[in-house]
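The lines below spell out each chain.
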Amino acid sequence: MNGKEQRRAMILTGVIEGRLAAGEAAELMSLSGRQERRLRHALLRDGPAALVHGNRGRKPIHTLGPGLRERVTALAEGLYSGCNDQHLTELLAEREGIALSRSSVRRILRAAGRRSPQRRRAPRHRARRERMPQAGMLLQVDGSRHQWFGPGGPWLTLVGGIDDATGDVPCAIFREQEDAHGYLLVLREVVRKRGVPLALYSDRHKIFQSEPKEPLALEEELAGKPLPTQVRRVLDELGVHWIGDRSPQAKGRVERLWRTLQDRLYQELRLDGVTTLEQANAALPALLTRHNARFRQAPAQAGSAYQRFPAGKRPNDVFCFRYWRTVSMDNVVSLDGRFIPIPPGPRRRSYARAKVEVREHLDGSASVHYQGACIARQQAKPGDLRTKRRGEPRENAAPAAAFTKTPKPARTGPWKPAVNHPWRRSLVTA
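Structure report, in brief.

**Some details on the packing of aromatic side chains**
Then comes step 1: Counting across every chain of the model gives five aromatic pairs.
Then comes step 2: On the numbers, 6.3 Å between centres and 10 degrees between planes, the contact of Phe208 with Trp242 is stacked. Taken as a pair, Phe208 in the loop between strand E4 (199-202) and helix H8 (218-223) and Trp242 in strand E5 (residues 241-244) lie far apart in primary sequence, 34 residues in all. Accessibility classification places Phe208 together with Trp242 in one group, the buried group.
Then comes step 3: With a centroid separation of 5.6 Å and an interplanar angle of 75 degrees, the aromatic rings of Tyr351 and Tyr370 are classed as edge-to-face. Placement of Tyr351 in the loop between strand E8 (338-341) and strand E9 (355-361) and of Tyr370 in strand E10 (residues 366-370) is noted, with a sequence separation of 19 residues between them.
Then comes step 4: With a relative accessible area of 6%, Tyr351 lands in the buried category.
Then comes step 5: Look at Tyr370 and you get buried, because its relative accessible area is 3%.
Then comes step 6: A network of ring pairs unites the aromatic residues Tyr183, Phe208 and Trp242 as a single cluster.
Then comes step 7: Arg294 extends its terminal NZ or CZ atom over the ring of Phe295, reaching a point 4.7 Å from the ring centre.

Pasting the structure below:
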């Protein structure tokens, strides 16, 4: 069974056991009520095998036989040698009576190791996209790995963004590698200086979207899609529309920015005597100010499209990493080697076995939240933040009291062994 069929079996089992309503199960499986009943009855009648498609493992009726494949390959290498895929398809139909599609012929030849004799066509013409008319409508972000201190210096990644309308670089930061922590630092600074952009354009790095090959967690299977990454969650909370590119050329504006900075910024850092990452980040704001004054362009439409930060939210609670964890029996939350003690709650309440949300803030500090309230904090720890296992995003109630074993009733008379007790069995000897 594949993942979809296993998910259906799990949901239907919940309906059979009474843990789910039939309507809820149909909605989770994106099926009608009639189809849900049909699958449930089939599961009861034939077991999990009833959920597997009937054609699974069968040979398609239009499968090409091995003899036909060998004949096409032999003709392509012999009589029709030098013909391209489309011409060969036409000749096979006209002269040999072999009616195949071009894609089938191409698939047969590629499997046999034969490439088309035609040369690779020229690159497709690309037209430069017009800039957005107003500042703040689109922010392109990316990371550039380069030896920013010279050929003998370390490899660092400059994470930053460029306003599509004006060419301004609102913020950038040097990092040891391209990571979610760096992007959140850049986004927080952009929001603080300019505001919230309407859209953000980036590549399809796993920082912005989940890996398609990774198996889904239980909550993701029930939702029918993977949960957003830490950066995508922040963008969703801010109301920023994310756009993922399909090629490096699609975000050419930020790519050209890196080419310019690798040529000019490297020289500026060398003239300022910068040799460490800390010195580079300290000198970067002044260098970006000079860069913006040199390369800034006037937008087609005056004004700014940057939005205000959402009311009722705090930047420290938005720009952070969020995880779900279970409090241990000694009221400690563990987060990949980080241990956060939970103080007693009201009336010395224990949070043991409660599902809580742990937030790692960008300054390295951490806080634990339960039912919308912060119940514990921990001071900042040195080092960069790394994305960790998210955990199941749901909250359960902490037990009111520890489990107590029910005492056995007091004996009222002499104890008598049961009928099948070994003492009552007769010993039979041969």
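Moving on, there is more to tell.
**What about the sheet that holds E5?**
Then comes step 1: Taken in spatial order, the five strands make up an open sheet running E3-E2-E1-E4-E5, and their pairing is mixed. Across the chains shown, the open sheet's two edge strands, defined by having one partner strand only, are strand E3 (172-175) and E5. On average, each strand axis in the sheet is inclined to that of its neighbour by 20 degrees, with strand direction left out of account.
Then comes step 2: Packing of helix H10 (residues 252-271) onto the sheet brings it into contact with strand E1 (139-146), strand E2 (156-163) and E3, and relative to E1 it is tilted by some 45 degrees.
Then comes step 3: Helix H11 (residues 277-295) rests against E2 and E3 of the sheet, and its axis sits at about 165 degrees to E3.

**Notes on helix H9 (residues 230-238)**
In an α-helix, one full turn covers 3.6 residues, which means residues spaced three or four apart are oriented alike.
Then comes step 1: Those residues of H9 not exposed but buried are Gln230, Val231, Arg233, Val234, Leu235 and Leu238.
Then comes step 2: Looking at the packing, one finds that the buried side of H9 touches helix H7 (180-193), E4, E5, helix H12 (315-318) and strand E6 (320-326).
Then comes step 3: Just beyond H9, the residue with positive phi is Gly239, at close to 75 degrees.

**Comments concerning the pattern of salt bridges**
Then comes step 1: One pass over the full model with this rule turns up 20 salt bridges.
Then comes step 2: In this structure, Glu36 engages Arg40 in a salt bridge whose closest nitrogen and oxygen atoms are separated by 2.8 Å. Of this pair, Glu36 and Arg40 both sit in helix H3 (residues 33-46), four residues apart, which is roughly one turn of that helix. Arg40 carries the same exposure label as Glu36, and that label is buried.
Then comes step 3: Taken together, the shared-partner salt bridges in this structure form one network comprising Arg314, Asp317, Glu357 and Arg359.

**Considerations on unusual backbone geometry**
Then comes step 1: Here Ser30, not a glycine, exhibits a phi torsion of approximately 55 degrees, which is positive.
Then comes step 2: Secondary-structure assignment places Ser30 in the loop between helix H2 (22-28) and H3.
Then comes step 3: A positive phi angle, near 50 degrees, is found at Asp336, a position not held by glycine.
Then comes step 4: Counting through the fold element by element, Asp336 comes out in the loop between strand E7 (332-335) and E8.
Then comes step 5: Classification of Asp336 by relative accessible area gives exposed; the value is 54%.

**With respect to the sheet that holds E9**
Then comes step 1: Here we have four strands laid out as an open sheet, ordered E6-E9-E10-E11, and antiparallel in their pairing. In the strand order of this sheet, the two ends are held by E6 and strand E11 (373-378), each with one partner. This sheet shows a mean twist of 25 degrees between the axes of neighbouring strands, independent of strand direction.
Then comes step 2: Of the pairings in the sheet, the one linking E10 to E11 comprises five bridges and is antiparallel in character. Bridge assignment links Ala366 to a residue of E11, and that residue is Gln378.

**Focus: the packing of helix H5 (residues 85-96) against helix H6 (residues 102-111)**
Then comes step 1: Here H5 crosses H6 at 110 degrees, and the two axes come no closer than 9 Å. Accordingly, the angle class assigned to the pair H5 and H6 is roughly perpendicular. In this structure, H5 meets H6 at a crossing whose hand is right-handed. Note on element contacts: H6 touches H5 through Arg102, Val105, Arg106, Leu109 and Arg110, opposite Asp85, Gln86, Leu88, Thr89 and Leu92.
Then comes step 2: Looking at the contact of H5 with H6, its residues break down into four nonpolar, two polar and four charged.

**Some words on the nonpolar core**
Then comes step 1: Counting residues in hydrophobic clusters, the biggest one holds 44 residues, and the most contacted among them are Leu200 and Val368.
Then comes step 2: Listed by contribution, the elements that provide at least two residues to this core are E1, H7, H9, E6, E7, E9, E10 and E11.
Then comes step 3: Element by element, the count of residues in this core is highest for H7, at eight residues.
Then comes step 4: Setting aside chain neighbours within four positions, we find Val368 in contact with Val333, Ile340, Ile342, Val356, Glu357, Val358, Ala373, Cys374, Ile375 and Ala376.
Then comes step 5: Counting residues in each nonpolar core, the second largest holds 20 residues, with Trp148, Ala172, Val274 and Leu287 among its members.

**With respect to the environment of Ala21**
Then comes step 1: Within the element layout of this structure, Ala21 appears in the loop between helix H1 (3-16) and H2.
Then comes step 2: The exposure class assigned to Ala21 is partly exposed, which follows from its relative accessible area of 38%.
Then comes step 3: Put simply, Ala21 and Ile11 are 10 residues apart on the chain and 9.8 Å apart in space, counted from C-alpha to C-alpha.

Conventions and cut-offs
Residues numbered from 1 in each chain as written. Predicted model: local features only at pLDDT ≥ 70, side-chain atom pairs only at ≥ 80, totals over all residues. Heavy atoms only, no water. Phe/Tyr/Trp six-rings, centres within 6.5 Å; stacked < 30°, edge-to-face > 60°. Helix = DSSP H or I, 4+ residues; strand = E, 2+ residues; numbered from the N terminus. Buried < 20%, exposed > 50% of the residue type's maximum accessible area, 1.4 Å probe, protein only. Lys NZ or Arg CZ within 6 Å of the ring centre and 35° of its normal. Pairing = 2+ DSSP bridges. Axes fitted to C-alpha atoms, helices over the stretch in contact; angles between N-to-C directions. Contact = heavy atoms within 4.5 Å. Salt bridge = Lys/Arg side-chain N within 4 Å of Asp/Glu carboxyl O. Parallel < 35°, antiparallel > 145°, perpendicular 65-115°, else oblique. Left-handed = near helix turned anticlockwise from the far one by under 90°. Nonpolar A, V, L, I, M, F, W, Y, C, P; charged D, E, K, R; others polar. Core = buried A, V, L, I, M, F, W, Y, C linked by side-chain atoms within 4.5 Å.

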